[in-house]
Each structure stands twice: as structure tokens, then as C-alpha cells.
Amino acid sequence: MGERYLMKIQRRQMKVDIPSVAMGDIAFNLLVFFVILAQSQDDSHIQWTPAKADNLKGSGYTKVTVTIDKDQKLYLNGQELSEAQLAARIESNLGNAPAGQRKVMLKAHRDCTAAKFEPVIEAISQAGGELVHILEDKKKK
Amino acid sequence: MKFRRTSKLLVDVPAVASGDIAFNLIVFFLVCASTQPDTGRPQMLPKSEQTQQQQQQQDEHLIVELKRNAVLVNGDPVKTNEVKARVIAKLTGKTRLEDRVVIVKSAKDVPYHNWIEVTSQIEDAGGIITLQLEEERTVDVPQ
């Protein structure tokens, strides 16, 4: 009878390392995600076409945006509201901000009528807002 | 005796990472595109109380009336592109801010793009815009 030799084969250890190179990518993606999320003034769902004008400037940053859409509906920072609520809501949004930081952007649809936009301008003025009409440059095609 | 070099000088870029890099580039440019600043025109309007005081002296001020298809400067019809020249002519020699007030009266059906065109010309001519709004009053009739 021949001798039997038993050989033990050791199992390979299953060691999985998280690739540390990907950490930078993950962190960057998270950062971008939260930056987008922080842009809470999302009014991209509102449909409006800007009027055209010359000599326009960059409007800069503002906390308050009033929009009148193509159906003459009124929005404050993307939320629909009535004309009667507007002045008080703008005032509370602006708080005690000093002059120069009280900009209120007005995005009015090019065909909306004075009956709608003039009371809005008056409300912005009453609330102590510094009005900036958002327009499109005439030269732009 | 010859020794062979053991280390390779050519290092391959890991192909797995190129997907991540492409994705990050897409996200970066998307964010940049979505945060392009808006362009606009600032407009200084006196507060309502001041406006009331100014309206008492409206006989002395230039009045621009906007109708749906017409513009009147102190009652005279003017073409839209001639408003600036007309306002400059009327404001010549007036240096005080209160003398440069231009009262804008708009009919209810005036579209925003017409209003912006005319008020831009007034401001470019050195006028200070004041809006005159029609007041709505509710009157209770006793029965």
C-alpha cells in the first residue's frame, strides 16, 4: 500500500481595500451636490421671457427675486403668492440689510401689462428694496 | 555581466479613473453654466410717501404718458425712439434732483417691454422716474 500524502492548501485571504484614490472624487461630488442643493431659490420651473434693452449691467447676488410669468402669476423666490402679501414678504426677506444689499430682482414677462407689474414695483419700493429689472441685451441674438 | 533594469519607467494612467474624471468635468461645466449671472438694469424709485409729495407739485414736472400704442410727453405724441431727445431738451438747465423728476403714467394695458424701453430712455436722459398709479377706492353705497 502506498502512503497517502495529504497536502493542505491554504485559503487566500479575501482582503478588500477601499481604493483611497476615489475618496477625492467622492468628496468633490458630495460638495457639488450640496452646492446645488443650497441654491434654494429655484425658479427654473417658471416660464417667462425677458424684455430687451440696451446698456445692461451684471445684476449681482440677491436674496429676493420676484417673477411675473407668462400667465401673469406672481412668484417670490419661486413660490406663488398674491400681490397683497408681496410687500410684507419682501420686507421680511430683506430684514435689516443695509443699503446696497437690498437688491430685489424683478423678472417680468415681456408681455405682462402695467396693471400687473406696476403694483409689484410699488410693493418693492414700499419694502425698501433696490429694484433691478432682469432684461436681455438687445445685441444678443 | 549585464544587469537588467527591473523598474519600468513607463507608468500607465489607470483607465478606471477616466470615467470619474469625465463625470466630474461634466458636473463642473453644468454647474458653471447654470450659475451664469443675470443681466439687468437697476432703477431708483422714490418711496411712496415721497411720491405723494412730488405728485402735489406735478404741474412743474415733466409728465410722460404711456398708452398701448402711443407715448405722450406733456400731452404731445412722440415716437418711442424720440423720447430720450425730448426729455433731454425738457431737462436742459435743470440741475437739482427734484427738478429732474419725470412722472410716468401708464395705461393698464401697456406691455412691460414698451414700458422698459421708454423708462430706460428717460433714465438715460438723466430723468428720475416717479410712477403715478391709479388708486383703487371701494365706496360703500348705503341702501
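Note: the structure precedes this text.
Residues numbered from 1 in each chain as written. Chains lettered and ligands numbered in written order. Predicted model: local features only at pLDDT ≥ 70, side-chain atom pairs only at ≥ 80, totals over all residues. Heavy atoms only, no water.

As for the overall build of chain A
Looking only at helices and strands, one finds three helices and eight strands in chain A. The order of α-helices and β-strands along chain A, N terminus first, is α-β-β-β-β-β-α-β-α-β-β. By residue count, 36% of the 141 residues in chain A fall in the buried class. By sequence separation, contacts in chain A at least 24 residues apart represent 68% of the contacts at least 6 residues apart. Total accessible area on chain A stands at roughly 9800 Å², and carbon and sulfur atoms take up 53% of it. (Helix = DSSP H or I, 4+ residues; strand = E, 2+ residues; numbered from the N terminus. Buried < 20%, exposed > 50% of the residue type's maximum accessible area, 1.4 Å probe, protein only. Contact = heavy atoms within 4.5 Å. Areas by Shrake-Rupley, 256 points an atom, 1.4 Å probe, with all protein chains shown as cover.)

Structural notes on the packing of aromatic side chains
Under the definition given, this model contains four aromatic pairs over all chains. A ring pair is formed by B:Phe28 and B:Phe29, whose centres lie 5.2 Å apart and whose planes are at 75°; its orientation type is edge-to-face. Taking 6.5 Å as the distance between ring centres and 15° as the angle between the ring planes, the aromatic pair formed by B:Tyr112 and B:Trp115 counts as stacked. Of this pair, B:Tyr112 and B:Trp115 both sit in helix 4 (residues 112–124), three residues apart, which is roughly one turn of that helix. Ring pairing ties together the aromatic residues A:Phe117, B:Tyr112 and B:Trp115, which thus form one cluster. (Phe/Tyr/Trp six-rings, centres within 6.5 Å; stacked < 30°, edge-to-face > 60°.)

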